[in-house]
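# Architecture at a glance
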Number of protein chains: 2
Amino acid sequence: MTTLIFGHQNPDTDAITAAMSWAEFQRQLGNTDVEAVALGKPNAETQYVLDYFKVDAPRVVESIPEGGHVMLVDHNEFQQSVVGIEKLTIDAVVDHHRIANFTTAAPLYYRAEAIGSTNSVICNIFKEHNFEISAQLAGLMAAGLISDTLLLKSPTATPRDKEILPELAKIAGINLEEFGLAMLKAGTNLGARSDKDIIDGDAKSFDMAGQSVRIGQVNTVDLDEIYARQADLTAAMQEEATAEGYDLFLLIATDILNSNSVGFMVGSGKDQIEAAFGQTFDGNNRIDLPGVVSRKKQVVPQLTAAFEG
Amino acid sequence: MTTLIFGHQNPDTDAITAAMSWAEFQRQLGNTDVEAVALGKPNAETQYVLDYFKVDAPRVVESIPEGGHVMLVDHNEFQQSVVGIEKLTIDAVVDHHRIANFTTAAPLYYRAEAIGSTNSVICNIFKEHNFEISAQLAGLMAAGLISDTLLLKSPTATPRDKEILPELAKIAGINLEEFGLAMLKAGTNLGARSDKDIIDGDAKSFDMAGQSVRIGQVNTVDLDEIYARQADLTAAMQEEATAEGYDLFLLIATDILNSNSVGFMVGSGKDQIEAAFGQTFDGNNRIDLPGVVSRKKQVVPQLTAAFEG
């Protein structure tokens, strides 16, 4: 039975390309019966990357038969994974996030590092095995790293990421600044995206002290574009929170050129957000999050701590 | 502040020596402010190993101040770790068990492999970094691997373990069969151990479908020695189950020469145990577990599945 390899729901570029690079690693290891798939279609940024390197998007899977073998990349929390993950056998996880709501009945391979992208971890593993990375694969891996670290500007970018990215770019034969900005900008064409797509495109669910917290993030080069749609976005968030039972839905709009964010919320948890960031919501229900670009490092731990208070 | 590195409660040889080998790896990596400690005193087998290689036992810690940084080896489940682990920052985990009841607020280094011992994983990491393993350290690491795999006889011993162990033995300058049997036998001197020590010396707690399950394991070269004390051991298990609120306490006595086990139990869960192993308890409240030597691979997954029904 083919082992399926996939990233989280609402896949971003690192989730999609890490599934591909981990599948290639498995093949070089001798595990040829693996397939990189995805829990959703590529977003605009990822599609730009796939087109650039002339690669087809991975097949989208919605469910996997009970008892199937899987490998998770770029996530571990079950509520971010495929529906019914509890009934599958997880043979491996490669990730760079916190570990939560994750459990297995048997030992497994698990590799996580507190670095900028899952592709950075996979690149380390390729090097440990002296396996070869093709030009095309190096480009896909570089794109995952660029996406997750906003071209190394995010505080999640470690010294190791700063070593890895130029190496991958060299193998791929790309100009880092040029390609990096082009792919990030391709993901910020908000005019072409529906409200629902913007609030949900990159959203993840978290359990914080028993509260169901949904956090979306959208990149932009112009926050005014977001402000102009704030009322509609907030209405869409309210509708979805009611339908899905989220206690809190927080949307973070990140200005990728200036490395700042602004948040909007619906539901309960205003006090916790204000406490987490030492800022207050203004009359427009906006909270400034200066210097915040990483949900993982600058939002989730702080908000979790505030909820656990 | 010194980062403390430790294995599980009721430490066995792999838990104690993996803390030492991971501390040495950290030092070679440049993290010099680390200390290998333990959550309990060495058992007889481990003491034999420490004496053989002329190493002091790690300092025993009972609690760690809130906010301290730690690295866990050979375990991850919080109920097997130091009391108050939820309030500490876990920087790294190196392990070879299932992952359960483990959660962090922030990303971390996590390395697990489904192989015979935590020292096998650490040996792989040393090799990936081309770091040196001293003769003394190689001996301690080999002892961890021997202990966990019963000198490679356990089904948890993988082809990789079979490569690693002779290499470590060569560096250490030990005769594997001779040293291995001597250390395993040193751990089976049951005459010198109290009932409480036997039932608790290697016991671990598990949550299985909401039930609190305690599983102890004792190695012997003569099961009759165990049978002769069965009434007293069972009474001690009953007393402890009542005091600690265990729903089930299962003790597995493993004949290390013939690679078989026999189980006794107190509490509820008889049906689940019989279903898990396809055997029945006899008139002496004993259940034969032919071929079973590994709690991790041959007991915990099967029993978890039976409880989850």
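Residues numbered from 1 in each chain as written. Chains lettered and ligands numbered in written order. Predicted model: local features only at pLDDT ≥ 70, side-chain atom pairs only at ≥ 80, totals over all residues. Heavy atoms only, no water.

## Here we look at a nonpolar patch on the surface
On the surface, a nonpolar cluster with roughly 200 Å² of combined accessible area is contributed by Leu-181, Val-221 and Leu-257 of chain A. Along the polypeptide, Leu-257 of chain A turns up in the loop between strand 9 (248-255) and strand 10 (260-267). (Patch = residues over 30% accessible without salt bridge, like charges linked within 9 Å, V, L, I, M, F, W, Y side chains within 5 Å. Areas by Shrake-Rupley, 256 points an atom, 1.4 Å probe, with all protein chains shown as cover. Salt bridge = Lys/Arg side-chain N within 4 Å of Asp/Glu carboxyl O. Helix = DSSP H or I, 4+ residues; strand = E, 2+ residues; numbered from the N terminus.)

## Remarks on empty space enclosed by the protein
Residues and elements named next belong to chain B. This model, assessed by the stated rule, comprises 5 cavities of 30 Å³ or more. Roughly 590 Å³ of internal volume is contained in the largest cavity. In this structure, the largest cavity is lined by 36 residues; those nearest its centre are Asp-12, Asp-148, Asp-202, Gln-217 and Arg-295. Sort the elements by how many residues they give to the lining of the largest cavity and strand 8 (residues 211-220) lands first, with 3 residues. Grouping the amino acids of the lining of the largest cavity by side-chain chemistry returns 10 nonpolar, 15 polar and 11 charged. (1 Å grid on protein atoms, 1.4 Å probe; cavity = no way out; pocket = protein on both sides within 12 Å on 5 of 7 lines; lining within 4 Å. Points joined across faces, edges and corners; volume = space filled by probe spheres on them. Nonpolar A, V, L, I, M, F, W, Y, C, P; charged D, E, K, R; others polar.)

## Overview of the pattern of salt bridges
All names here are of chain A. The full count for this structure, using the stated rule, is 26 salt bridges over all chains. With a closest N to O distance of 2.8 Å, Glu-77 and Arg-98 form a salt bridge. Separated by 21 residues along the polypeptide, Glu-77 in the loop between strand 4 (69-73) and strand 5 (89-95) and Arg-98 in the loop between strand 5 and strand 6 (109-112) bring together distant segments of the chain. The pair Glu-77 / Arg-98 is uniform in exposure class, with both members buried. (Buried < 20%, exposed > 50% of the residue type's maximum accessible area, 1.4 Å probe, protein only.)

## Digging into the domain arrangement of chain A
Residues and elements named next belong to chain A. Taken domain by domain, chain A holds domain 1 (3-186) and domain 2 (190-308). Each of domain 1 and domain 2 was reduced to a C-alpha centroid, and the two centroids are 24 Å apart. Counting from both sides, the interface comprises 18 residues of domain 1 and, opposite them, 22 residues of domain 2. Contact between domain 1 and domain 2 buries roughly 1,600 Å² in total, counting both sides, with carbon and sulfur atoms accounting for 54%. Broken down residue by residue, the surface that domain 1 buries against domain 2 is led by Asn-10, Arg-98 and Leu-150, which jointly contribute 32%. Between domain 1 and domain 2 we count 0 salt bridges in total. Where domain 1 touches domain 2, the interface holds 6 residue pairs in polar contact (both at pLDDT 80 or more). Taken together, the residues of the side of domain 1 that touches domain 2 break down into 5 nonpolar, 8 polar and 5 charged. (Domains from an automatic or database assignment. Contact = heavy atoms within 4.5 Å. Buried area = accessible area lost by both parts, 1.4 Å probe. Polar contact = N/O pair within 3.5 Å; in protein donor to acceptor, adjacent residues only side chain to side chain.)

## Describing the UniProt feature "domain: DHHA2" (unreviewed entry) in chain A
In the UniProt entry, the feature "domain: DHHA2" (unreviewed entry) is given for residues 180-307 of chain A. Segment residues 180-307 of chain A splits into 41% helix and 27% strand. End C-alpha atoms: 36 Å apart. (UniProt positions renumbered as here; feature names shortened; annotations may be inferred.)

## Observations regarding the packing of aromatic side chains
Overall, the coordinates contain 27 aromatic pairs over all chains when judged by the stated rule. Taken together, a centroid distance of 6.4 Å and an interplanar angle of 35° make the contact between Tyr-48 of chain A and Phe-179 of chain A tilted. Residue Tyr-48 of chain A is found in helix 2 (residues 44-52), and its partner Phe-179 of chain A is found in helix 6 (residues 176-186); the two are separated by 131 residues along the sequence. Members of the aromatic cluster, joined through ring pairs, are Phe-78, Phe-102 and Tyr-110 of chain A together with Phe-78, Phe-102 and Tyr-110 of chain B. Positioned above the aromatic ring of Tyr-227 of chain B is the side chain of Arg-286 of chain B, whose terminal nitrogen or guanidinium carbon lies 3.8 Å from the ring centre. (Phe/Tyr/Trp six-rings, centres within 6.5 Å; stacked < 30°, edge-to-face > 60°. Lys NZ or Arg CZ within 6 Å of the ring centre and 35° of its normal.)

## Some details on the interface of chain A and chain B
The partner chain B presents 21 residues to the 21 residues of chain A that form the contact. Interface area for chain A against chain B, summed over the two sides, is near 1,900 Å², with a carbon-plus-sulfur share of 62%. Here chain A is connected to chain B by 0 salt bridges. Taken together, the connections running from chain A to chain B amount to 6 residue pairs in polar contact (both at pLDDT 80 or more). Counted by class, the side of chain A that touches chain B contains 12 nonpolar, 4 polar and 5 charged residues. Where strand 6 of chain A lies against strand 6 (residues 109-112) of chain B, 3 bridges are found, and the strand directions are antiparallel. Directly across from Ala-112 of chain A, in strand 6 of chain B, lies its bridge partner Tyr-110 of chain B. (Pairing = 2+ DSSP bridges.)

## A closer look at the relation of the copies chain A and chain B
For the pair chain A and chain B, the relating rotation is 180°, the translation along its axis is 0.0 Å, and the fit reaches an RMSD of 0.0 Å. What we have between these two chains is a two-fold relation. No C-alpha of chain A lies nearer the rotation axis than that of Arg-111 of chain A, which sits 2.4 Å from it. With an isologous cut-off of 70% or more, the 100% of interface residues of chain A that recur at the interface of chain B puts this contact in the isologous class. (Least-squares fit on C-alpha atoms with pLDDT ≥ 70 in both.)

## Remarks on helix 2 of chain A
All names here are of chain A. Every buried residue of helix 2 is accounted for by Glu-45, Thr-46, Val-49 and Leu-50. Projected down its long axis, helix 2 carries its buried residues within an arc of 135°, all on one side. Those residues of helix 2 that are buried are in contact with helix 1 (13-29), helix 4 (135-149) and helix 6. The N-cap residue of helix 2 is Asn-43: its side-chain oxygen and the backbone nitrogen of Glu-45 are 3.1 Å apart. Phi turns positive, to about 55°, at Lys-54, one or two residues after helix 2. (Arc of directions from axis to C-beta.)

## Some remarks on the sheet that holds strand 10 (residues 260-267) of chain B
All names here are of chain B. Within the open sheet, the 5 strands sit side by side as 7-8-9-10-11. Their pairing is mixed. Two strands in the sheet have a free side with no partner beyond their single neighbour: strand 7 (204-208) and strand 11 (287-289). Taken over all neighbouring pairs, the strand axes of this sheet differ in orientation by 30° on average, direction set aside. Sheet contacts for helix 9 (residues 230-244): strand 8, strand 9 (248-255) and strand 10; angle to strand 10, the most-contacted strand, approximately 45°. (Axes fitted to C-alpha atoms, helices over the stretch in contact; angles between N-to-C directions.)

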